[in-house]
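Structural overview for review
Here is what each chain is made of, one letter per residue.
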Amino acid sequence: MTPVYRYRHPITLEETNLVGNVYFAHYVRWQGHCRERFLAENAPGVLSALSDGFAMVTTTCGCDYFGELTANDVVELRMTLTELDGNRVAMAFDYFRAEVAMPQLVARGHQAIACMTRGPAGLEPVPVPEQLREALTPYLKIR
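In short, a report on the structure. Fair warning: this is a prediction, and the values are worked out from it, not measured in the lab. (Residues numbered from 1 in each chain as written. Predicted model: local features only at pLDDT ≥ 70, side-chain atom pairs only at ≥ 80, totals over all residues. Heavy atoms only, no water.)

1. Quick look at the overall build of the chain
Condition: Starting at the N terminus, helices and strands are each numbered in turn, a helix being any DSSP run of H or I of at least four residues and a strand any DSSP run of E of at least two. A radius of gyration in this sense is built from C-alpha atoms; the matching globule rule multiplies 2.2 Å by the number of residues raised to 0.38. Residue exposure (1.4 Å probe, protein chains only): buried if accessible area is under 20% of the type maximum, exposed if over 50%, otherwise partly exposed. For this analysis, residues touch if any pair of their heavy atoms sits within 4.5 Å. Positive charges are assigned to Lys and Arg, negative charges to Asp and Glu, while His and the chain termini are left out of the count. Lys charges are placed at NZ, Arg charges at CZ, Asp charges at CG and Glu charges at CD.
Counting secondary structure elements, the chain contains three helices and six strands. The order of α-helices and β-strands along the chain, N terminus first, is β-α-α-β-β-β-β-β-α. Against the compact-globule benchmark of 15 Å for 143 residues, the chain has a radius of gyration of 16 Å, which places it among compact chains. Principal-axis analysis of the C-alpha atoms gives the chain an extent of 50 × 35 × 25 Å. For the chain, the proportion of its 143 residues judged to be buried stands at 41%. Of the contacts made within the chain by residues no fewer than 6 positions apart, 66% connect residues no fewer than 24 positions apart. Where the 13 positive side-chain charges of the chain centre and where its 16 negative ones centre are 3 Å apart.

2. Here we look at unusual backbone geometry
Located in the positive-phi region is N72, a residue other than glycine, with phi close to 80°. Within the secondary structure layout, N72 lies in the loop between β2 (54-65) and β3 (74-85). Its relative accessible area of 73% is what places N72 among the exposed residues. The backbone of E99 sits at a positive phi, close to 60°, despite the residue not being glycine. The topology assignment puts E99 in the loop between β4 (88-98) and β5 (104-119). A relative accessible area of 61% means that E99 is categorised as exposed.

Take a look at the structure:
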């Protein structure tokens, strides 16, 4: 079984719309939160490098929705690695309603990033930093 990185987020009223469910854009925002927490806990040197010319550029992201979340729910994102090649990293996210008797899959998302550096000619591709590669490898989803 592939290990997953888990990120839990309590949903607030501010994240809901007039109907009372979570506004769709927050799901993508939580992908960013999950990714940043992973970096802070597992590859802090990569976060430091962001202020020194290194960039992680999101090249694609998306989300498919299967259920609704509302204020006071807790969502758990389960992140896995789907690709690690050259300067690219792709991740998958399963969103579960947590803190209920039976966690419910409410959405599934994906995101890909390219590792770049800011040079005189603009952004240029660079290999995935070794610290990040080592931190991500255990989460590679076996297909």
